[in-house]
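# Observations on chain architecture
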Amino acid sequence: MTQPDALALLHPPFALTVRAGDLTLRVLRDADLDEYTALLRQPIFEDPQSDQVFPWYAVDPETRVREAVRFQWRLRAQLRAEDWSLPLGVWAGDEMIGCQDLAATDFAVRRTVSSGSWLTLDQHGRGYGKLMRQAMLVLAFDHLGAVRAESSAVLGNDRSFGVSRACGYVDNGTQVTAEGGRALTQQRFIVTPATVVRPAVEVEVEGVGPELRALLGA
């Protein structure tokens, strides 16, 4: 097991590492920001005008990069047991290919997590989207004690729907959200430890110690 470095002792999420097959998920550090921002300049969506495009992506690349970096710093500063988000960078081998976020509100009481993810367009169709979601769910259910995981995607996003259902999520109604000045209808999904589809490869999790559990209310 890898020993945490000095910075991870000060900020326990930095000690967290999840491995599944050739994928590695870990909380982004400042040393990763060059690689992270380079990805943000790459295409993520087949149709940049579709409703599936995230509002934070639908701006000019330099604004997107600047705000994304500020967002990463803000997540660290605002992390507390009542409201937290872990921004997990995703690497295939040594190449960063996207992000898989894990978040919760009042986790100590609700034991419910939510998630969001993206991959660069050139990495679509390789099974990475499913595997990184499954790895995140193993972390949430087996190591943090979650009893429910929720997700959602804009109607028409068949690729995201397919990943959710392949991981064991089931439909959980719809919701209307306001994004980028538009009203969008989203399909909601839910999965539990009893229904989750686990990956064919072993998932290894490091860094979930007492300090991280206390920080997350786990």
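These remarks concern the structure in this document. (Residues numbered from 1 in each chain as written. Predicted model: local features only at pLDDT ≥ 70, side-chain atom pairs only at ≥ 80, totals over all residues. Heavy atoms only, no water.)

## Examining empty space enclosed by the protein
For the structure shown, the criterion picks out two cavities of 30 Å³ or more. What the largest cavity holds in volume is close to 50 Å³. Lining the largest cavity, in full, are His11, Pro13, Val27, Leu75, Arg76, Leu79, Ser85, Leu86 and Pro87. Of all elements in the fold, only α3 (61-78) and β3 (83-92) reach the threshold of two or more residues within the lining of the largest cavity. No other element matches β3, which puts three residues into the lining of the largest cavity. Taken together, the residues of the lining of the largest cavity break down into six nonpolar, two polar and one charged. What lines the second largest cavity is Gln134, Leu137, Val138, Phe141, Val196, Val197, Arg198 and Pro199. Within the lining of the second largest cavity, the residues separate by chemical class into six nonpolar, one polar and one charged. (1 Å grid on protein atoms, 1.4 Å probe; cavity = no way out; pocket = protein on both sides within 12 Å on 5 of 7 lines; lining within 4 Å. Points joined across faces, edges and corners; volume = space filled by probe spheres on them. Helix = DSSP H or I, 4+ residues; strand = E, 2+ residues; numbered from the N terminus. Nonpolar A, V, L, I, M, F, W, Y, C, P; charged D, E, K, R; others polar.)

## Points about unusual backbone geometry
Although it is not a glycine, Asp106 adopts a positive phi angle of roughly 50°. Locating Asp106 in the fold gives a position in the loop between β4 (95-105) and α4 (107-110). By relative accessible area, which is 37% here, Asp106 ends up partly exposed. A positive phi angle, near 50°, is found at Arg111, a position not held by glycine. Note on placement: Arg111 falls in the loop between α4 and β5 (112-119). Owing to a relative accessible area of 23%, Arg111 belongs among the partly exposed residues under this scheme. (Buried < 20%, exposed > 50% of the residue type's maximum accessible area, 1.4 Å probe, protein only.)

## Regarding the environment of Leu139
Here Leu139 is to be found in helix α5 (residues 128-143). Leu139 sits in the buried class, given a relative accessible area of 0%. With 113 residues separating them in the primary sequence, Leu139 and Arg26 have C-alpha atoms 11 Å apart. With near-sequence residues (within four places) excluded, Leu139 lies in contact with Leu16, Val18, Leu88, Leu102, Leu144, Val205 and Val208. (Contact = heavy atoms within 4.5 Å.)

## Quick notes on the pairing of strand β7 (residues 170-179)
Of the strand pairs in this sheet, β7 and strand β8 (residues 182-191) are connected by eight bridges, and their pairing is antiparallel. Looking at β8, one finds that Gln175 is bridged to Gln186. Here β7 folds back onto β8 in antiparallel fashion, the turn holding two residues, of which Gly180 has a positive phi close to 60°. (Pairing = 2+ DSSP bridges.)

## Describing the side chain of Gln134
By the secondary structure assignment, Gln134 is in helix α5. A polar contact of 2.8 Å, which involves the side chain of Gln134, links it to the backbone oxygen of Val197. (Polar contact = N/O pair within 3.5 Å; in protein donor to acceptor, adjacent residues only side chain to side chain.)

## Quick word on helix α6 (residues 158-166)
Every buried residue of α6 is accounted for by Ser160, Phe161, Val163 and Ser164. Looking straight down α6, one finds its buried side chains confined to an arc of 165°; they lie on one side. Elements that come into contact with the buried residues of α6 comprise α5, β6 (148-154) and β8. Looking one or two residues past α6, Gly168 carries a phi angle of roughly 100°, positive in sign. (Arc of directions from axis to C-beta.)

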